[in-house]
Every structure is written in structure tokens, then in C-alpha cells.
Amino acid sequence: MEAFLLDNFAEAYGLTYFGSVAAVALWEGLSPRRTLDSPLRVRWFSNIAVTLLDNALLRWLLPFTAIGVALACAEVEFGLLRWVEAPFWLAFVVSVLVLDFGKYALHYALHRVPTLWRLHRMHHTDQDYDFTTGLRFHPLEAVLTISLNLSLIAIIGAPVLAVALTELMVVVLAMVSHGNVRMPKAIDAVLRLFIVTPDMHRVHHSTVWRESNSNFG
């Protein structure tokens, strides 16, 4: 599985990314949670333009992919999990948890540190809420996020398969959690035990400070 995924990762990532966009956009059209105030063409153009700018900047400043860093570390046996010779299953689980916790910790800091909040508030000042909100980040926040992720991959020596699957899961969850979609309450109650559901994350985008300053998952 690892060899197949790595040989076809670019295709798998593209399929996952655009497949998630298409699936959530269709879901929003068929079963929206609420009526948006701004026209879709205006919101989508604005937020997609931001993510295109982010990606252009990242390509220029950080010409390294998460998979590339993981492969480089594996080639030279670099990273904590390699130095202690952890079994693959343990290295895999620890890597997924550490990379996810890194995102949580950074999200917490983005809300608590005033300088970082000035960057992150671009994500929160979207007047509506749909999957394109998950694409709307300040370019410098995007650089900070990717830099931390690449650093953690190198420091712990994360297995390539763990990095690949984490990258794919992040794409899907980013789209779904920001979706303006209606989900049956019974299903939402079960799913939110494991992932951040749309209704769960929508509270984090509240204009009430106490609500937006919680639920950093």
C-alpha cells in the first residue's frame, strides 16, 4: 500500500482535494444548513483567490512537500522515532497524534497570541460560512502552518505512510468541517466523538468571543 500511495500521491492528493471540494459543494447545494448572505460567486472568487495566493507564496518560500521531507528523513534515518528504533505501528500512531496535536497547538496560539491573531482573524472575518471559509487564510499564517508541519515531520522522523495519510485526511476534514451542510443530529453526535463536524466547528466561528475562543480541534 505504501509503495502504491507514494507512486501515485500527487494524483491521490489531487483527487482527494478536488473530490472533497466537489462533494461538499454539492452537499451544500442539496442540503444547506443556513442561507448565506453574500452571493456564492463573490465569496467563492474571493476565498479561492486567497488560497491560490497562499499556494503561490508557499511554492516560492517553501519548495518542500511534506512527503519530500518524510522521504529525505527516511533516507538518512533522521528523527526521534528512528533513533529509538520504534516499531512501525507505534511510529505511525505517534506521528499521526503529534502532527494533529501540532495543528491544535498552533490553532490555540493563533487565538491567544495577539500578533498571531492578527493573521488568523482573516479566517474568522468571513461574514458567511461554507467550505471556502476553509480556504481563507492569511498568506503568512499559511507559511507558519506549513513550516511547523514540516518541522515536526523532520523532528520526529514520521513514517512516510503516516505523513501521506495525514495530508489526505486534513484535506477532507478541512472541507467537511467548514461545510454549510445539514447533518442528522444522531450522526453528528457520533461523528463528533472522533472528528470535528460542521455543526461543532461552526460554533468556533461565532461572533461571540467566548465561543470563538474555544473548540480548537
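Residue positions within a chain follow its written sequence, with the count starting from 1. Local features in this predicted model are restricted to residues whose pLDDT is 70 or higher, and side-chain atom pairs enter the listing and the counts only when it is 80 or higher, whereas totals over whole chains, interfaces and linings include all residues. Only heavy atoms go into the side-chain values, all of them from the structure, while hydrogens and water stay out.

A. Spotlight on the nonpolar core. In this description, a nonpolar core means a group of buried Ala, Val, Leu, Ile, Met, Phe, Trp, Tyr and Cys residues linked to one another through side-chain atoms lying within 4.5 Å. Exposure is judged per residue with a 1.4 Å probe applied to protein chains only, and the accessible area is read against the type maximum: over 50% gives exposed, under 20% gives buried, and values in between give partly exposed. L5, F9, I67, V69, I153 and V163 are the most contacted members of the largest nonpolar core, which has 21 residues in total. At the level of elements, α4 (66-76), α6 (88-112), α8 (139-156) and α9 (160-177) are the ones that each hand at least two residues to this core. Aside from chain neighbours lying at most four places away, what touches I67 is L6, F9, V160, V163 and A164. Listed in part, the 8 residues of the second largest apolar core include F131, V171, M175 and V176. To qualify as a helix, a DSSP run of H or I must reach at least 4 residues; to qualify as a strand, a run of E must reach at least 2; elements of each kind are numbered from the N terminus. Every residue pair with non-hydrogen atoms within 4.5 Å of one another is taken to be in contact.

B. Up close: a nonpolar patch on the surface. Together, V76, F78, L80, W83, V84 and I155 make up an exposed nonpolar region whose accessible area comes to about 620 Å². Assignment of secondary structure puts L80 in helix α5 (residues 80-83). Since its relative accessible area comes to 45%, L80 is described here as partly exposed. Two distance rules govern patches: like charges are joined within 9 Å, and nonpolar side chains (Val, Leu, Ile, Met, Phe, Trp, Tyr) within 5 Å, applied only to residues with over 30% relative accessible area and no salt bridge. In short, Shrake-Rupley with a 1.4 Å probe defines the accessible areas, and a residue's cover is counted only from the protein chains shown. The term salt bridge refers to a side-chain nitrogen of Lys or Arg lying within 4 Å of a carboxyl oxygen of Asp or Glu.

C. Structural context of the environment of T35. When you line up the elements, T35 lands in the loop between α2 (9-30) and α3 (40-61). On the basis of relative accessible area, T35 is assigned to the exposed category, the value being 68%. Separated by 93 residues in sequence, T35 and D128 have C-alpha atoms that sit 9.1 Å apart.

D. Highlighting the confidence of the model for the protein. Of all residues in the protein, 99% have pLDDT values of 70 or greater, and the mean over the chain is 91. No element of the protein has a lower mean pLDDT than helix α1 (residues 2-7), at 72, and none a higher one than α8, at 96. Here pLDDT means the predictor's own confidence in every residue, given as a number from 0 to 100.

E. How the structure looks around unusual backbone geometry. Backbone geometry places E77, a non-glycine residue, at a positive phi of 55°. If you trace the backbone, E77 turns up in the loop between α4 and α5. For E77, a relative accessible area of 46% puts it in the partly exposed group.

F. Region of interest: the packing of aromatic side chains. Side-chain rings of Phe, Tyr and Trp, where Trp is taken by its six-membered ring, are said to pair if the distance between their centres is within 6.5 Å; with planes under 30 degrees apart they count as stacked, over 60 as edge-to-face, and otherwise as tilted. Considering all chains together, one arrives at 8 aromatic pairs under this definition. Relative to W209, the ring of W117 has its centre 5.8 Å away and its plane inclined at 85°; by these criteria the two rings are edge-to-face. Of this pair, W117 sits in helix α7 (residues 114-124) while W209 is found in helix α12 (residues 209-212), placing the two residues 92 residues apart along the sequence. Under the relative-accessibility criterion, W117 is labelled buried at 19%. Three or more aromatic residues link up through ring pairs in this structure, and these residues are F9, Y13, Y17 and F18.

G. Up close: α9. Helix span, as expected, comes to 1.5 Å for every residue beyond the first. Taking 1.5 Å per residue, 18 residues should reach 26 Å; α9 reaches 26 Å between its end C-alpha atoms and fits that length. Turning to α9, its buried residues number three or more, namely V160, L161, A162, V163, A164, T166, E167, L168, V171, M175, V176 and S177.

H. Main features of the environment of L144. By the element assignment, L144 lies in helix α8. As a C-alpha pair, L144 and A164 span 20 residues in sequence and 20 Å in three-dimensional space. Filtering out sequence-adjacent residues up to four positions away, L144 remains in contact with L106, L110 and L116.

I. Spotlight on the pattern of salt bridges. Under the criterion given, the structure shown has 7 salt bridges. A salt bridge links D126 to R43, with the nearest nitrogen and oxygen atoms 2.4 Å apart. Of this pair, D126 sits in the loop between α7 and α8 while R43 sits in helix α3; the two residues are 83 residues apart in sequence, bridging distant segments of the chain. Taking the relative accessible area as the measure of exposure, D126 reaches 13% and is therefore buried. Salt-bridge contacts for D188 lead to R192; the nearest nitrogen and oxygen are separated by 2.7 Å. Judged by its relative accessible area of 7%, D188 is buried. Look at R192 and you get partly exposed, because its relative accessible area is 35%.

J. Up close: the packing of α6 against α8. Contact pair α6 / α8: the axes reach a minimum separation of 10 Å and the direction vectors enclose 150°. As for how α6 packs across α8, the hand of that crossing is right-handed. Packed against α6, whose contacting residues are S95, V98, L99, G102, K103, L106 and L110, the element α8 presents E141, L144, T145, L148, N149, L152, I153 and I156 at the interface. For this classification, the nonpolar set comprises Ala, Val, Leu, Ile, Met, Phe, Trp, Tyr, Cys and Pro, the charged set comprises Asp, Glu, Lys and Arg, and every other residue, Gly included, is treated as polar. Looking at the contact of α6 with α8 residue by residue, the class counts come to 9 nonpolar, 4 polar and 2 charged. A fitted line through C-alpha atoms serves as each axis, taken over the contacting stretch for helices, and the angle formed by two N-to-C directions is quoted from 0 to 180°. By definition, turning the near helix anticlockwise from the far helix through less than a right angle yields a left-handed crossing, and turning it clockwise yields a right-handed one.

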